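Next come the chains, spelled out residue by residue.
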Amino acid sequence: MEIVYRINKKLKKLILISFAMFIALQSIVTIKLSTPIYAKSNKKVIRFMVNEPNIGLERCVNGFEKKHPNIDIKFLYVDNYCEKALNKLKSNNSPDVMFIPPKITDSDKQKYLLKLGNRTQLEKEYNYLDQAIKIDEDIYGLPSRMFLAGFVYNKKVFEKAGITKLPTSMDEFLKDMSYIKNNTDKIPFYSGYTYKWALTTWEYFTYIEMMGDEKNNEIQNGSNPFATGSTHEKVYDFYCNILRNHYCEDSCKDYTWENAVEDLANGNLGCIAAGSWAIQIIQKASDNPSDIGYMPFPNTIRNKQFASVIADLSVGISKKTKYPEEAKEFVDYFLDESNYNLETQNISIVKGRLLPEVYREVKNLCVLQNCNVSENMYQQYIEIGKHLNMFSGNEQKRIADATLGYSNEKVENIYREWSRRWIKSQASVEKNAVGDNIQSINAENVNQDLTNFTEQEKKYIKTLPILKVGILTDAPPFSYMGKKNKIRGMSKLVADDIMKKMKTKYKFVFFDNEAQMTKALDNRTIDLALGVEDTASNIEKYKLTKSYMEYNNVLVRNKKLRNVSRLNLADCRAAVVKNMHRDYYKGIKKKHKCDSVEDAIESVNDGDADYTILNYYTANYYIRNGQYSNLEIISTSSKNSLKIAFRDEENAQMLSIFNKCLYDISDSSLETYLLNEDNNLASKMDIKMLMRQYPMHFVLGILFIYLLVLVEIWFSGYEKQKYLHKQEFYAKRYALLAEMMDEYIFEYNLSENTITVDEKFREFFEFSKNCIDVNQYEKNNEKLNQFIEALKNMVKYEKKEQRIYFGNLGDQNVTWVRIFISQIEDEDTNNILYVGKISNVQHEMEERQMFLKQTALDSLTKVYNRSGFNKIYNDQYSSNCKYERAVVGILDYDNFKKVNDTLGHLGGDKALKVLAEELRKTFKDIGIFARYGGDEFIFYIPDGRDVEKIRDLLANLVKRMNKILKYENNFIRISISIGAVIVSSKKNIDDAFDLADHELYKIKENNKNAYRLKNYCKV
């Protein structure tokens, strides 16, 4: 019994110990696991099914999760998406949110997807709903992003091949491909042969890109849509020419899409045919993302290029989701608040959102979409596709095989077969002659005015608190502390302009350097940061607006140091400002730390460092206001820009609003902000700066004042006034020079009749001397001669500003510049000095001329009207007398009333169009011409030196217009008469036309059908 008892007692003790250990272990496990289990159980998980493993939505998801800490977004990647996604949606384990596969049926939409709203309701907020997933007016999926059909190209490859502008026709494109092939070792073009989806891109080009905004149902009801001259034949022949001329990769069968992405990113490939969705993919793979650009299909219709806007997969919500409200919150955030589309260089469907900058580089680009069609027409299209599916890639591959010699087929036979199959397919469908076109279109110009806020944006602005705006205090001329500790500078003025447009309250928060400012942005001490540089780290971390200031970085170096003179920066010591992290200092081992930019410049001047790198404007300010005899500025190819930074999770509406405001600030306004502030800084010279810049003057001045006090009787007040006036004269001179930084600067001494110029001026005019004697200089230098004549003219007529061009307008190879001059007069010596600069205004004039071409054309003949002629003449010729003689002429039909009576008014219109076309052939490359009214036309030729050549032109024009004109079943002989005069280029244009009209009147008195040319210039 005792033994049993002891055993039982030990057993009980063992059980108690075991139980205690179990409880302790359970407590430990509970303590360790309780927090994550508790947190996880309180978070709602939204599963998002996507078609790419690295889709670039991480920043969007992070922003959403910060805004909704109780929700987790988990990605569910599915390969072969279009095939598997639908099965996944139908399964019991369907995702909450997904990209909807395109082949989903109407019954599946209703059965498996939540309705997001009706079209009328959603159209208030979104564009492009024709391409949404819908049934009638009910929307089940919204396009996640829109992209443009076209080409993606490497800018550096084009530049190295000598290509300076994008092609606007297929012939120009083929010529550019030949330049890349012959002038570089790069591959001009990727054929897309290895991927059928890449080949289907060409089918998109046969519609909008080739037809523009004209509705066309050729494909639907045409009997032979692939005949010679059709849009299909032109597009596919263009593709064949690329292959046939070996402008593509050597081995089309082995070269993959992945190879093309890598080569295009690294500058070994010129161009690919792909939607703009590919830009982000290629930019990510490139060390120089800015080298990758978008190019529309090279075809021009009425001076415009067109691009199809195409929807990517639509985003929708599964009916089986446990969290429908949270899923809807995420879809709304994804479309409305995230910056996903702007970051991926795609187009947002949200109304009023600006297009990414990459599209705005293309002038006169119109974006159009293929609209929805009736159910009847859609069924016809599906039925026809069963016989000939042009979006499968198979047909394009046949074309490629035939061209490359991989098959025995001939391209022209493939076209004929396509037509036969198309005609056969039409027999199985009922033609709908009055239905909607498959390719009906809505137009939207890329460069349209988008600076007005949408209703949603206006509401959003009203919800904003007082905005705290971070700004730097030591970054002249962009931002700096002025008098009475008031912030000044270009960035401040830009912020004032934006806030005025937004009508919102704000206050500035001051920082010594960018590192402090961005840290405050991270900590939510401020809402936005002004003047943030466009560095790789900032792009990765923040949402950045478009730039409001672009500049070149310059190297400030000590010219006395031998190793720097060879620019071997790896062996040199760089003066680096603390807390100023810049990409261009990466890899530099020798660094001299400085507290400020001014300290860095002084360190280089004193030899403590060999060089520093700054933006041009800040470097120019500090060096200009201090005497640094050892320094020189060297231009670099490195460029940067200033932008406004927001936190990464900031609502995309805010970014859109600020970008609109920035686009609304004109370039001239930004330049004014910069020049005004730089001028204010130039006038701020303290004692320290005076001592540096004028040490001898300063010492002499002190001595002069001291002696004046001791021996006041020795000097008169006149000498003092003369000295002070001389200082004022030089102060004015330097202030004006400060305004004209980074331009072609000159000084014209009217008394000595000499022009003093800088090195940039000499390079531009290809002139070797620093001083130009206006009476004796290289007269054979046409550009310099033209400038001097213009300068004399400005002085004579007291003009402060004048535009002129250098080059030949006939071949369109001209450079437009604007000349500014300001006068300074020394009252003591009566010397008159003109300080001036020459600014390149090429871009401004090209835009102006393009605007004139679009707005000042005669609607019937498509040549300039009277207003257009006057504007072109005043802009280009009135004050730009490059040649001494000009030709002015007037012409009209002989007996035009008889033409109208015989052929009718429509026949008369045809006659006017015929004459306009002949004028275009005659004067297009040598002058301007216009329809002045009725059947009267005028012309102006700026170069009237070769009289015989002009006689031949006029005689040939009269001869070509003496012919029989047929309209419908009526015939009549037509002829014209021309009155022209050769006059001085300086003669008033209206007086010249009166003389020409007199010559025309003399012809009309005689036999007509002739020309008269009278020379009014003195021999």
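Please refer to the structure higher up on the page.
Just so you know, these numbers come straight off a predicted model, no measurement behind them.

A.B. asks: Before we move on, can you summarise the overall build of the protein with the specific residues and values?
C.D. replies: Looking only at helices and strands, one finds 38 helices and 40 strands in the protein. Working note: accessible area of the protein is about 51,600 Å², and carbon and sulfur atoms make up 49% of it.

A.B. asks: Provide a residue-level description of the nonpolar core, including the pertinent values.
C.D. replies: Counting residues in hydrophobic clusters, the biggest one holds 119 residues, and the most contacted among them are Phe151, Trp202 and Ile272. For this core, the leading source of residues is helix α11 (residues 231–244), giving 7 residues. Split by domain, the residues of this core number at least three in each of domain 1 (44–143) and domain 2 (145–315 + 345–428). Ignoring any residue separated from it by four or fewer positions in sequence, one finds Ile272 in contact with Gly150, Phe151, Val152, Phe189, Tyr190, Trp257, Ala260, Leu264 and Ile282. Counting residues in each nonpolar core, the second largest holds 53 residues, with Val556, Ile623, Ile665 and Leu670 among its members.

A.B. asks: So what's going on with the packing of aromatic side chains? Residues and values would help.
C.D. replies: Taken as a whole and judged by the stated rule, the model has 46 aromatic pairs. Ring geometry for Tyr415 against Trp418: centres 5.8 Å apart, planes inclined by 55 degrees, an arrangement best described as tilted. One end of the pair, Tyr415, and the other, Trp418, are both in helix α19 (residues 411–426), 3 residues apart, so they sit about a helical turn from each other. Each member of the pair, Tyr415 as well as Trp418, carries the same accessibility label: buried. Every member of this aromatic cluster is reached through a ring pair, and the members are Phe48, Phe64, Phe75, Phe99, Phe330, Tyr333, Phe334 and Tyr340. Seen from the ring of Tyr663, Lys546 lies directly overhead, with NZ or CZ sitting 4.9 Å from the centre. Seen from the ring of Phe820, Lys837 lies directly overhead, with NZ or CZ sitting 5.5 Å from the centre.

A.B. asks: Please provide a residue-by-residue account of the pairing of strand β21 (residues 528–533), values included.
C.D. replies: When you tally the buried positions in β21, you get 6 out of 6 residues, the bulk of the element. Of the pairings in the sheet, the one linking strand β16 (residues 467–472) to β21 comprises 2 bridges and is parallel in character. Opposite Gly470, over in β21, you have Ala529 as the bridge partner. Pairing of β21 with strand β27 (residues 631–646) involves 3 bridges; the strand directions are antiparallel. Bridge pairing links Val532 to Lys643 in β27.

A.B. asks: Kindly report on the packing of helix α25 (residues 597–606) against helix α26 (residues 616–624), identifying the contributing residues and their values.
C.D. replies: Packing of α25 against α26 brings their axes to within 10 Å, and their N-to-C directions diverge by 65 degrees. One finds that α25 runs roughly perpendicular with respect to α26. Seen from above, α25 lies across α26 with right-handed handedness. Of α26, the residues touching α25 (which contributes Val597, Glu598 and Ile601) are Thr618, Tyr622 and Ile623. Looking at the contact of α25 with α26, its residues break down into 4 nonpolar, 1 polar and 1 charged.

A.B. asks: I'd like to hear about helix α20 (residues 455–462), residue by residue, with values.
C.D. replies: Listed as buried for α20 are Glu457, Tyr460 and Ile461. On an axial view of α20, the arc spanned by its buried residues comes to 100 degrees, and they lie on one face. The exposed set on the far side of α20, more than 90 degrees from its buried face, consists of Lys459 and Lys462.

A.B. asks: I'd love a proper account of the sheet that holds strand β17 (residues 474–475), names of residues and values included.
C.D. replies: Spatially, 3 strands are ordered β17-β18-β19 in an open sheet, and the strand pairing comes out antiparallel. Every interior strand has two partners, whereas the edge strands, β17 and β19 (487–488), have only one. Note that strand β18 (residues 479–481) and β19 share 2 bridges and pair antiparallel. Across the sheet, Met481 pairs through a bridge with Ile487, a residue of β19.

A.B. asks: Give a description of the packing of helix α8 (residues 196–204) against α11 that names residues and reports values.
C.D. replies: In the contact formed by α8 and α11, the axes pass within 9 Å of each other and the chain directions differ by 135 degrees. Classified by the angle between their axes, α8 and α11 sit oblique to one another. Counting all contacts with α8, which are made through Leu199, Trp202 and Glu203, the residues of α11 involved are His232, Val235, Tyr236, Phe238, Tyr239 and Ile242. Taken together, the residues that form the contact of α8 with α11 break down as 7 nonpolar, 1 polar and 1 charged.

A.B. asks: Please set out a nonpolar patch on the surface residue by residue, giving values where relevant.
C.D. replies: Side chains of Leu700, Leu703, Tyr706, Leu707 and Leu710 sit close together on the surface and give an oily, nonpolar patch of about 500 Å² of accessible area. Looking at where Leu703 falls in the secondary structure, it is placed in helix α30 (residues 695–710).

A.B. asks: Outline the pattern of salt bridges, supporting the account with residue identities and numerical values.
C.D. replies: Summed over all chains, the structure comprises 40 salt bridges. Between Arg945 and Asp943 there is a salt bridge, with its nearest N and O atoms 2.8 Å apart. A relative accessible area of 55% places Arg945 in the exposed class. Linked through salt bridges whose partners overlap, the residues forming this network are Glu395, Arg398, Glu409, Glu417 and Arg421.

A.B. asks: Please set out the pairing of β16 residue by residue, giving values where relevant.
C.D. replies: Along β16, 5 of the 6 residues are buried, which leaves the element largely enclosed by surrounding structure. Bridge analysis of β16 against strand β20 (residues 506–511) gives 6 bridges, and the strand direction is parallel. Following the sheet pairing, Ile471 is matched in β20 by Phe510.

A.B. asks: Tell me about the sheet that holds strand β10 (residues 269–273), residues and numbers included.
C.D. replies: Across the sheet, which stays open at both edges, the 4 strands sit in the order β9-β10-β8-β11 with mixed pairing between neighbours. Strands at the two margins of the open sheet, each flanked by one partner only, are β9 (187–190) and β11 (292–295). Adjacent strand axes in the sheet meet at a mean angle of 20 degrees, parallel and antiparallel pairs treated alike. Summarising the sheet, strand β8 (residues 151–154) and β10 pair through 3 bridges and their orientation is antiparallel. What sits directly across from Val152, in β10, is Ile272. Contacting β8, β9, β10 and β11, helix α12 (residues 257–265) runs over the sheet at an angle of about 130 degrees to β10.

Rules and cut-offs
- Residues numbered from 1 in each chain as written.
- Predicted model: local features only at pLDDT ≥ 70, side-chain atom pairs only at ≥ 80, totals over all residues.
- Heavy atoms only, no water.
- Helix = DSSP H or I, 4+ residues; strand = E, 2+ residues; numbered from the N terminus.
- Areas by Shrake-Rupley, 256 points an atom, 1.4 Å probe, with all protein chains shown as cover.
- Core = buried A, V, L, I, M, F, W, Y, C linked by side-chain atoms within 4.5 Å.
- Buried < 20%, exposed > 50% of the residue type's maximum accessible area, 1.4 Å probe, protein only.
- Domains from an automatic or database assignment.
- Contact = heavy atoms within 4.5 Å.
- Phe/Tyr/Trp six-rings, centres within 6.5 Å; stacked < 30°, edge-to-face > 60°.
- Lys NZ or Arg CZ within 6 Å of the ring centre and 35° of its normal.
- Pairing = 2+ DSSP bridges.
- Axes fitted to C-alpha atoms, helices over the stretch in contact; angles between N-to-C directions.
- Parallel < 35°, antiparallel > 145°, perpendicular 65-115°, else oblique.
- Left-handed = near helix turned anticlockwise from the far one by under 90°.
- Nonpolar A, V, L, I, M, F, W, Y, C, P; charged D, E, K, R; others polar.
- Arc of directions from axis to C-beta.
- Patch = residues over 30% accessible without salt bridge, like charges linked within 9 Å, V, L, I, M, F, W, Y side chains within 5 Å.
- Salt bridge = Lys/Arg side-chain N within 4 Å of Asp/Glu carboxyl O.

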